[in-house]
Amino acid sequence: MNFMMNAGAATLAGESLQQVLLGSVDDTTDANYFNISIWGMILALVMVVIAAAISAAMKMGVAKSILWATCRSLVQLMAMAVVIVYVIKANNPWLVLAVLCVMVLAAAQITMTRASGIPKGMTGIVMLSLVITIVLMLTVVAEIIVHPVPWYAAQLIIPITGMLLGNTVSALSLGLTRFFDSMRERADDVQTMLALGASKWEAAKPSMVSSIKLGLLPSIAMLASSGIVTIPGMMSGQVIAGKNPIEAAKYQFVMLAAVGALTLLADSIIIALVYKRCFVSFDRYFVPPAAPAPTLKSLVHRSPATSDDSSGSSESLRSATDPENDPMDDGK
Amino acid sequence: MGAQQNPRNLADQTAPAPLFVAEHVDCTVPNDSGGKRVIFDDLAFHVNAGEIVDLTGASGAGKTTLLTAFARLNVNTTGTFTLAGRDSGDFTPQEWRRAVSYLPQTSMLMGETVADAVRLPWTFKVRSRATKGAGKTPRELLPDATIRALLDEMGCEDIDLARPPANLSGGQAARVSLCRTLLTHPRVLLADEVDAGLDAENAAKVGVVFTKAAAGGMAIIRIRHRQSDHRAKRIMVLENGKLHEEQAGEPVEAIAR
């Protein structure tokens, strides 16, 4: 992963863009690194077009979505590449922080979109969970283990954050969906347990366990199969870039272990914070109705909930952990 | 037997203070069209220690709602509830429900064996705190022999304690459920149609078990649809959102299920 470190050069996004498009990256990398030209990109696109045409001919119905997703992917990857080149050149920790913030916001939005059946007002908790794990990731892996110079080296921090967020988004959305589904399915069980004197935690625990387990399955599968079934992307990328495979493997292992551990942490934090949302005052069972998926805009503006639903929550962390926000309070 | 012979009150004719009092009990449920529907409004109820009160009424009248309100489990109800003079707000939810125990109509038995299912309440902190202090496990606190004895009284001699609960019939599961709740010795037992799926002989056995529990001081409210077995001191009817007492001696209509 040797990006060019053109320390004295002008930091214009335009220059970065030009370099990316015309493939004129300064080759201070290994001679073993084989660039892809614009024709290569076009050929890749052509492959997708052919596949889409076959799908259209056979009326399989995926032509449009694969074409759209491919074009999106091209634009997104290139945009990210341009941003990274620019940020590396700019050598400014605030810029790196800004990119991280955008990534976390996008990750939160994707998590809440992919998680179905979750109630309103989860933004704060999801963001808190993501931020805690990113901070830990960057502190432990980036700073302590890898120890880059400067400490805010964008070429390390941004990809690492990206990998962690990718995994965490998966685990969190799986875990959250499963938790609320499970709490709804187990309505009779929960009521029985509450009637026998269970606390909220005790009544919710089987759902919590099952959802954390489910959220962890992909990470565990990845850890188990790495090296044998697949060479994960990070190691592959480094090997392609001409790095020593042993160094690449070390990086990959550190990443897999850290991502696995932090995904478990994020999932556990979020479920531990969220289980109370299925109860109202006096520990009575009530699962809030599912909320529509948020957009990035609504996340940024964070307008308070306007509708009169029984959970009475606003989009803040406090209300999510405070069961007293309940208009249908059992009177005294 | 029971509250009427409370030594403090032998001298006077006034009934002792009820063990459990419910006042101003309301229930409103949200409508499909976004409004609210009142199920009942400003109901009052009381039970004395050692008393059995039957609650009857047409299906859908709100009997289950009323009992879940008493146990403070229902999100659509409000009311003021007192146990031996103490307001429910002075209890934690778990302490309240340990004392005022609702036994649901649908039996949910959780655990790998019948014995595990019956011991479930002792895995909760509200009860296990006492056991942990004494260094006892749920199994030590509630030995198999105790469970066996009570199950046999209810006509469940054929239910092996090591059996998976999923294999039980509806009537068997209902009795195991009752056993689980009875062994927790609540002060007030709210039994929701426990003998609905039982044949006459087993229903009678369960009736005896209820009378015995009441004799030990437990206040019991039973939702029943069967003909009165004359074990209840009072029969309350919930009709059109109002409660009234059935005159003693009138047979309660058995409603076919």
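Residues numbered from 1 in each chain as written. Chains lettered and ligands numbered in written order. Predicted model: local features only at pLDDT ≥ 70, side-chain atom pairs only at ≥ 80, totals over all residues. Heavy atoms only, no water.

Engineer: Mind showing me how you'd approach the sheet that holds strand 5 (residues 86–87) of chain B here?
Structural biologist: Strand pairing in a sheet relies on backbone hydrogen bonds. The paired strands run either parallel or antiparallel. Residues and elements named next belong to chain B. Ordered in space as 2-1-4-5, the four strands form an open sheet in which the pairing is antiparallel. Of all strands in the sheet, those with a lone pairing partner are strand 2 (36–47) and strand 5, marking the two edges. Contacting strand 1 (20–30), strand 2 and strand 4 (77–83), helix 1 (residues 63–70) crosses the sheet at an angle of about 120° to strand 1. (Pairing = 2+ DSSP bridges. Helix = DSSP H or I, 4+ residues; strand = E, 2+ residues; numbered from the N terminus. Contact = heavy atoms within 4.5 Å. Axes fitted to C-alpha atoms, helices over the stretch in contact; angles between N-to-C directions.)

Engineer: Explain the UniProt feature "transmembrane region" (unreviewed entry) in chain A here, please?
Structural biologist: Residues and elements named next belong to chain A. What UniProt calls "transmembrane region" (unreviewed entry) maps, in this numbering, to residues 33–54, 66–88, 94–112, 124–146, 152–176, 214–233 and 253–275. Its end C-alpha atoms 27 Å apart, residues 94–112 is made of 100% helix and 0% strand. Note that residues 214–233 is 65% helix and 0% strand, and that its end C-alpha atoms are spaced 23 Å apart. (UniProt positions renumbered as here; feature names shortened; annotations may be inferred.)

Engineer: How should helix 10 (residues 245–274) of chain A be read in this particular structure?
Structural biologist: For the α-helix, the turn length of 3.6 residues means that residues three or four positions removed from each other point alike. Between the first and last C-alpha of helix 10 of chain A there are 42 Å, a value that for 30 residues agrees with the 44 Å anticipated at 1.5 Å per step. The opening residue of helix 10 of chain A, the one whose side-chain oxygen lies 3.0 Å from the backbone nitrogen of Ile246(A), is Asn244(A). (Expected span 1.5 Å × (residues − 1). Polar contact = N/O pair within 3.5 Å; in protein donor to acceptor, adjacent residues only side chain to side chain.)

Engineer: What exactly am I supposed to notice about the interface of chain B and chain A here?
Structural biologist: A common measure of how large an interface is: the accessible area buried when the components associate. Chain B puts 34 residues into the contact, and the matching count from chain A is 24 residues. In total, chain B and chain A occlude about 2,400 Å² of area from one another, counting both sides; carbon and sulfur atoms represent 58% of this. Area buried by chain B at its contact with chain A is led by Arg72(B), Val75(B) and Phe124(B), which between them contribute 27% of it. The interface formed by chain B and chain A contains zero salt bridges. At the level of secondary structure, the elements contributing two or more residues to the side of chain B that touches chain A comprise strand 4, helix 2 (93–99), strand 6 (100–103), helix 4 (125–134) and helix 7 (170–182) of chain B. Among the residues making up the side of chain B that touches chain A, the classes are represented as 13 nonpolar, 14 polar and seven charged. (Buried area = accessible area lost by both parts, 1.4 Å probe. Salt bridge = Lys/Arg side-chain N within 4 Å of Asp/Glu carboxyl O. Nonpolar A, V, L, I, M, F, W, Y, C, P; charged D, E, K, R; others polar.)

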